[in-house]
Every structure is written in C-alpha cells, then in structure tokens.
Amino acid sequence: TADLAFALHKQVAADPTINQGGPKNSIVSPLNHRNMWLATAQATGGATRAEILNAMGFSGDAVSGGQDEQVAFGQTVRALQASVTAPNTLRVASSLWVQEGPQWMPRPETVRFLRDTVDASVTAVNFQGDPEGARALYNRWGAAATDDMVREALQKGDVSVDTRLINGSAFLAKASWEEGFAK
C-alpha cells in the first residue's frame with residue numbers, strides 16, 4: 001500500500017485542479033491509507049473482503065491483527081494532534097462513504113470501532129440516485145478537513161450510479177520551520 005500511497009501523492013501534487021495554483025506541499029500517508037483499507041476490509045465480508053485484501057496486498061491475518069495496529073494508530077494521531085499548538089495545525093480525517101441501504105452499511109460494531117479507534121466516520125449517501133450530490137458532499141467534507149486546501153478531490157464523473165463505497169482520507173499539516181529557508 002505504500003507504493004499506492006506514493007503514486008497517489010505524485011498524482012495529487014501535480015494536479016492543478018486539486019492543488020489550486022499548481023504543485024504545493026502535499027502528503028499522502030501510507031499508514032493512514034493502510035489503516036482505512038483495513039477498516040474497509042473489516043466492514044465487508046465474502047468476495048468483497050477477499051478482493052480488497054488481494055488488491056491491497058494484505059494477508060487474511062491483516063484484518064484481525066490490523067485492529068491492534070488501528071488502535072495504536074488512532075492513539076498516536078490523537079496524541080500528536082493534542083500536542084500541536086497554534087499557529088500550527090495537524091488534522092487527520094478519515095471516512096467511509098457508503099451507498100444508502102442496509103445491505104451496504106457496515107455492521108454497527110464496525111462503525112463503532114472506526115469511530116472510537118481512528119475517529120473515522122461512516123456516511124451513507126445516495127450514489128445511485130444522485131452521484132453528483134454525493135460527490136459534492138464528499139468534496140465539502142474534504143474541503144472542511146483541509147481548510148479549503150483540497151476543494152475538488154473528486155472530479156465530475158469520478159462518482160457514478162455504480163459507486164458503492166468511497167474510502168476517504170484527508171491530512172492537513174501547517175507548521176513554521178524552526179529555521180527558515182534561504183531564498
């Protein structure tokens with residue numbers, strides 16, 4: 001998943017529609033990416049779980065063992081966020097966006113686990129009936145999570161009536177360097 005995270009980073013950094021005005025500092029966290037895909041696998045079962053595990057290069061043990069890692073990751077992120085003082089900012093936001101309907105929603109224990117361990121939300125949206133509305137809602141979430149640094153993570157056409165799940169992550173870090181850089 002680190003290779004995928006780095007490939008995403010290159011794409012995000014170079015995309016002027018995401019980074020208004022051209023390339024800027026951007027971060028894709030391989031650890032957050034891994035944890036959210038493990039969470040997604042935990043929320044599913046059967047062939048869907050097997051496909052996620054295979055696509056991400058996880059073993060079947062990663063799902064059960066991954067819970068301990070997710071708890072530790074959530075505790076670390078909370079501690080880091082609590083240690084940052086103004087004017088610096090550190091924010092990690094994670095969310096699963098799922099097609100409305102009981103057959104698509106993760107089990108209640110999975111929703112609680114995501115909320116309680118990694119502060120991830122689960123949002124039901126109507127991809128089938130209003131894919132553009134779901135895309136707009138996701139983009140508003142991403143913009144709020146990044147203080148409007150990323151306004152259009154999902155472009156027109158990225159969400160369709162066939163979409164059932166979006167695994168969303170946002171990371172915002174603003175800080176001054178202890179020693180500035182020479183121009």
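Here goes a summary of the coordinates provided.

Digging into helix 3 (residues 46–56)
Logical step 1: Restricting attention to buried positions, one finds in helix 3 the residues Ile52, Leu53 and Met56. End-on view of helix 3: buried residues confined to an arc of 95 degrees, all on one side of the axis. In helix 3, those exposed residues whose orientation departs by more than 90 degrees from the buried face are Gly46, Ala47, Glu51, Asn54 and Ala55.
Logical step 2: Gly57 sits one or two residues past helix 3 and shows a positive phi near 75 degrees.

Some remarks on the sheet that holds strand 2 (residues 121–125)
Logical step 1: The 3 strands lie next to each other as 2-1-3, forming an open sheet whose pairing is mixed. Strands at the two margins of the open sheet, each flanked by one partner only, are strand 2 and strand 3 (165–174). Within the sheet, the average angular offset between the axes of one strand and its neighbour, ignoring direction, is 25 degrees.
Logical step 2: Two strands pair when backbone bridges link them, and strand 1 (residues 89–99) and strand 3 are joined in this way by 10 bridges, in the antiparallel orientation.

Looking at the packing of aromatic side chains
Logical step 1: Considering all chains together, one arrives at 3 aromatic pairs under this definition.
Logical step 2: Each ring, one from Trp97 and one from Tyr138, has its centre 5.4 Å from the other, and the planes form 75 degrees; the classification is edge-to-face. Of this pair, Trp97 sits in strand 1 while Tyr138 sits in helix 6 (residues 131–145); the two residues are 41 residues apart in sequence, bridging distant segments of the chain. When sorted by exposure, Trp97 lands in the same class as Tyr138, which is buried.
Logical step 3: Ring geometry for Trp97 and Trp141: centres 5.9 Å apart, planes at 65 degrees, overall edge-to-face. Note that Trp97 is positioned in strand 1 and Trp141 in helix 6, a separation of 44 residues in sequence. Judged on exposure class, the residue Trp97 and its partner Trp141 are both buried.

Thresholds, definitions, all that
Residue positions are given per chain, counting from 1 as you read along its sequence in written order. Local features in this predicted model are restricted to residues of pLDDT 70 or higher, and side-chain atom pairs are both shown and tallied only at a pLDDT of 80 or more, whereas totals for entire chains, interfaces and linings draw on every residue. Excluded from the side-chain calculation are hydrogens and water; included are all heavy atoms of the structure. Relative accessible area decides the class of each residue, using a 1.4 Å probe on protein chains only: under 20% of the type maximum gives buried, over 50% gives exposed, and in between gives partly exposed. What counts as a helix is a DSSP run of H or I of at least four residues, what counts as a strand is a run of E of at least two, and both are numbered from the N terminus. The directions from the helix axis to the C-beta atoms form the arc being described. The pairing criterion for strands is at least two bridges between them, as found by DSSP. Axes here mean lines fitted to C-alpha atoms, for a helix over just the part in contact, with angles spanning 0 to 180 degrees between N-to-C directions. Pairing of aromatic rings covers Phe, Tyr and Trp, the last counted by its six-membered ring, and requires centre-to-centre distances within 6.5 Å; plane angles under 30 degrees mean stacked, over 60 mean edge-to-face, and any other angle means tilted.

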